[in-house]
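# Notes for the structure review
What follows is each chain in one-letter form.
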Amino acid sequence: MWCRRLPRLFVVPHRPTGSTSLPSLPRDRAVPAAAARWHHTAPESLKCAWQLHGDHLELRYANTLMRFDFVWLRDHCRSASCYNAKTNQRSLDTASVDLGIKPKAVRVDETTLFLTWPDGHVTRYGLEWLVKNSYEGQKQQVMHPRILWNAEIYRQAQVPSVDCQSFLETDEGLKEFLQNFLLYGIAFVENVAPTKEDTEILAERISLIRETIYGRMWYFTSDFSRGDTAYTKLALDRHTDTTYFQEPCGIQVFHCLKHEGTGGRTLLVDGFYAAEQVLQQAPDQFELLSKVPLKHEYVENVGDCHNHMIGVGPVLNVYPWNNELYLIRYNNYDRAVINTVPYDVVHRWYAAHRTLTAELRRPENELWVKLKPGKALFIDNWRVLHGREAFTGYRQLCGCYLTRDDVLNTARLLGLQA
């Protein structure tokens, strides 16, 4: 089935109905009536209650109704014999757990769930931990908090650039930069020496540099040295980079080292803001864009550069448990022949693509920035589209791609949610 309505883009709230009725179980797994009843931590307490079923435990706590499969409860045990707290790795062999396992005894106090298994092993779970790590709890959580923006929203936010020295030498400066980047998908560093070497030092402060077919650090001019429109003086429409990689590059760094001429402003558009508008106006089209797989392709035969790259994925990528958008793959230049979509779906896909494109091209969504020597720009290539206006004269940029995992790792080590 190609299309199913999505209620929201980022968070799907889960609210228990208040009813204690449960879905019927197969006859061979039915639980005696005496067992299928709510138990409370205290006779009149409604803070926490639980109910045992044939294959799962139902737990109500912190306004969340949760269901835990018994195998899941055994597999995630954090006891010393099942989990190595020093390495934060599981010691228990999951394949050794009986798929028909059931607890011999269950007890819940005000803070903890206790499970005793048939072999006498005891598992303890903090109730807060269960809320955070249950499926129902995750449906209420956002993996990556963000502020969606159009040009006016971003300007009014007056997001500050971070000074290069503070960025390189202090955790405070680095944290401020990363917080801006995580929230808005773009961030600037000022007072950078206009050289490739200094830009490289800047990039390595937050991540490993991702070496690609374009090299490690690259100079970017209009000499058409690569088989790509970017290596010209022509205008470039909004797009994300490396859509033809199986995993598009996560972060792109731009630093204008020199421009002797006119034009060449950089265009930035929050793809997630545009996608949110599509979701609100045409949720079926949003769903289609998140389900239909497409190919993007890069074929190059220029000088010594010979490449043929193919990446596959939908335009919009969402986490299935909470419908949170995490990646937009949009590049009309590099989209390959559409041969992964049946004829009775392709026309609807074109209509959905047109709706998204119209949002991405709204003038009020366009943030135009003139890059100058000394000001480096970091772009979340999974979220923010970039382009440029045509220019004259000699224009030289340098930059690189960063590994997304390392940037997020740096942010988490500084205490940020990423």
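Residues numbered from 1 in each chain as written. Predicted model: local features only at pLDDT ≥ 70, side-chain atom pairs only at ≥ 80, totals over all residues. Heavy atoms only, no water.

For the protein chain, an unreviewed UniProt entry supplies the name Trimethyllysine dioxygenase, mitochondrial and the organism Pampusana beccarii. Under the Function (unreviewed entry) heading, UniProt states for the protein chain: "Converts trimethyllysine (TML) into hydroxytrimethyllysine (HTML)." UniProt annotates the protein chain under Subunit (unreviewed entry) with the comment "Homodimer." (UniProt positions renumbered as here; feature names shortened; annotations may be inferred.)

The next point concerns the layout of surface pockets. By volume, the second largest pocket amounts to about 220 Å³. Around the second largest pocket sit K132, Q138, Q141, V142, M143, H144, R412, Q417 and A418, which together line it. Looking at side-chain class alone, the lining of the second largest pocket contains three nonpolar, four polar and two charged residues. (1 Å grid on protein atoms, 1.4 Å probe; cavity = no way out; pocket = protein on both sides within 12 Å on 5 of 7 lines; lining within 4 Å. Points joined across faces, edges and corners; volume = space filled by probe spheres on them. Nonpolar A, V, L, I, M, F, W, Y, C, P; charged D, E, K, R; others polar.)

Ordered in space as β1-β2-β3-β4, the four strands form an open sheet in which the pairing is antiparallel. Each having just a single partner strand, β1 (39-40) and β4 (64-69) make up the two edges of the open sheet. (Pairing = 2+ DSSP bridges. Helix = DSSP H or I, 4+ residues; strand = E, 2+ residues; numbered from the N terminus.)

Turning to the pattern of salt bridges, a few remarks are in order. Tallying each qualifying case throughout the model produces 14 salt bridges. Here D75 makes a salt bridge to R90, at a shortest N to O gap of 3.2 Å. Here R90 lies in strand β6 (residues 89-90) and D75 lies in helix α1 (residues 70-75), a separation of 15 residues in the sequence. A relative accessible area of 10% means that D75 is categorised as buried. If you follow the salt bridges from partner to partner, you end up with D237, R238, R361 and E366 in one network. (Salt bridge = Lys/Arg side-chain N within 4 Å of Asp/Glu carboxyl O. Buried < 20%, exposed > 50% of the residue type's maximum accessible area, 1.4 Å probe, protein only.)

Here we take up empty space enclosed by the protein. Counting across every chain of the model gives three cavities of 30 Å³ or more. Lining the largest cavity are H144, P145, R146, F181, L182, G185, D380, R383, R404, L408, Q417 and A418. Tallied by class, the residues present in the lining of the largest cavity amount to five nonpolar, three polar and four charged. Within this model, the second largest cavity holds a volume of roughly 50 Å³. What lines the second largest cavity is L294, H296, V315, R329, Y330, N331, N332, R335, W349 and H353. Within the residue set of the lining of the second largest cavity, elements represented by two or more residues are β17 (294-302) and α10 (343-360). A class-by-class count of the residues in the lining of the second largest cavity yields four nonpolar, four polar and two charged.

Another point: the environment of Q138. Secondary-structure assignment places Q138 in helix α3 (residues 135-139). For Q138 and W321, which are 183 residues apart along the polypeptide, the C-alpha to C-alpha distance reads 7.4 Å. Contacts of Q138, omitting those with residues within four sequence positions, involve K132, M143, W321 and N322. (Contact = heavy atoms within 4.5 Å.)

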